[in-house]
Amino acid sequence: MSVMVFDHPLIKHKIAILRDKNTPMKEFRELVEEITLVMSYEAFKDAKTRKVIVETPLETCEQEMVAEKSIAIVPILRAGLGMVNGVHKIFPNARVGHIGMYRDEETAEPHEYYCKLPEGIENMNVMLLDPMLATGGSASDAIKMLKARGVKTIKFMAIIASPEGIKRVTDDHPDVDVFVATCDRGLNEHCYILPGLGDAGDRLFGTK
Ligand code: PRP
Ligand code: URA
């Protein structure tokens, strides 16, 4: 198990704009995608490759390409959807599964409402996506669901995390590698991340 907190000036720059309450929805959506793309370079560092033969204008050579079909991207609905294109920009052929979770507004307990995963997911390397890791309940339950489907290799990528969320996921699932762009101070009484960026789903989809 490992936890990687990105400490990169370009990511910090984009997160500062992402947090700003005046950042409009379109720019917010683009930033989530761009941050995911940058994080993916590190998170997929150990992706399996296969040998391919390529003909350049000058000669034939052996190259390596990622076995994209061995990768599944699984966003946690809704906000995780905003990260999918960031990974698809690199691996356009990666399969996508969806796990629907919402947090009860009173208790902040996660509730599952949807699950559709690609056939054969048990043999794929799964990248679970959610921009927000607050209490960690949603991510932890989503990982449990993937494991119940037989998935053996799971990574989790979030943009804004809390120390509580990181602890919850790593305690519950020590076998999962966690990648977060930044780790914030903590949670408020409604289990929102501070300073955070507010409700990621609402900001991505303009629902409030
Ligand atoms: C948000 C977020 C995570 C979850 C994080 O989703 O996208 O899924 O909360 O909180 P946790 O770590 O305490 O579980 P929300 O339930 O608001 O649903 P939405 O994405 O549909 O807005
Ligand atoms: N979900 C969000 O979208 N934001 C938070 O700060 C916590 C949970």
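Read on for a plain summary of the structure. Quantities reported herein were computed from a predicted structural model and do not represent experimental measurements. (Residues numbered from 1 in each chain as written. Chains lettered and ligands numbered in written order. Predicted model: local features only at pLDDT ≥ 70, side-chain atom pairs only at ≥ 80, totals over all residues. Heavy atoms only, no water.)

**As for the layout of surface pockets**
So, step 1. The calculated volume of the largest pocket comes to roughly 780 Å³.
So, step 2. Every residue lining the largest pocket is counted, 31 residues in all, and those nearest its centre are Met-101, Tyr-102, Arg-103, Tyr-192 and Asp-199.
So, step 3. Those elements that provide at least two residues to the lining of the largest pocket are β4 (71-77), β6 (98-103), β7 (110-116), β9 (132-133), α4 (137-148) and α6 (200-205).
So, step 4. Split by residue class, the lining of the largest pocket holds 16 nonpolar, seven polar and eight charged.
So, step 5. The space that makes up the second largest pocket amounts to roughly 190 Å³.
So, step 6. Taken together, 14 residues form the lining of the second largest pocket, with Asp-46, Ala-47, Asn-125, Thr-153 and Lys-155 sitting closest to its centre.
So, step 7. Sorting the residues of the lining of the second largest pocket by element identifies β8 (125-129) and β10 (153-161) as the ones contributing at least two each.
So, step 8. Across the lining of the second largest pocket, the residue classes tally to eight nonpolar, three polar and three charged. (1 Å grid on protein atoms, 1.4 Å probe; cavity = no way out; pocket = protein on both sides within 12 Å on 5 of 7 lines; lining within 4 Å. Points joined across faces, edges and corners; volume = space filled by probe spheres on them. Helix = DSSP H or I, 4+ residues; strand = E, 2+ residues; numbered from the N terminus. Nonpolar A, V, L, I, M, F, W, Y, C, P; charged D, E, K, R; others polar.)

**Looking at the packing of aromatic side chains**
So, step 1. One pass over the structure, following the stated rule, counts two aromatic pairs.
So, step 2. With centroids separated by 5.0 Å and ring planes inclined at 80 degrees, the aromatic side chains of Phe-44 and Phe-91 adopt a geometry described as edge-to-face. Taken together, the residues span a long stretch of sequence, with Phe-44 in the loop between α2 (25-43) and β2 (49-55) and Phe-91 in the loop between α3 (81-88) and β5 (95-96) at a distance of 47 residues. In terms of burial, Phe-44 and Phe-91 fall into one category: buried.
So, step 3. The interplanar angle of 35 degrees and the centroid separation of 6.1 Å between the aromatic rings of Tyr-102 and Tyr-113 together place this pair among those described as tilted. Of this pair, Tyr-102 sits in strand β6 while Tyr-113 sits in strand β7, and the two are eleven residues apart along the sequence.
So, step 4. With relative accessibility at 44%, the residue Tyr-102 sits in the partly exposed group. (Phe/Tyr/Trp six-rings, centres within 6.5 Å; stacked < 30°, edge-to-face > 60°. Buried < 20%, exposed > 50% of the residue type's maximum accessible area, 1.4 Å probe, protein only.)

**Notes on the site of ligand 1**
So, step 1. As a structural note, the neighbourhood of ligand 1 is formed by 16 residues, with Arg-103, Asp-130, Thr-135, Gly-136 and Ser-138 the closest of them.
So, step 2. Here an oxygen atom of ligand 1 sits 3.2 Å away from a polar atom, N or O, in the main chain of Ala-79.
So, step 3. Take Arg-103: an N or O atom from its side chain is 2.7 Å from an oxygen atom of ligand 1.
So, step 4. Protein chains shield 91% of the accessible area of ligand 1, which is 500 Å² for the free molecule.
So, step 5. One can see that ligand 1 is located within the largest pocket.
So, step 6. Every element with two or more residues in the shell around ligand 1 is listed here: β6, β9 and α4. (Near = heavy atom within 4 Å. Polar contact = N/O pair within 3.5 Å; in protein donor to acceptor, adjacent residues only side chain to side chain. Areas by Shrake-Rupley, 256 points an atom, 1.4 Å probe, with all protein chains shown as cover. Sits in = over half its atoms within 2 Å of the grid points.)

Function cannot be read off these values alone, since they describe shape.
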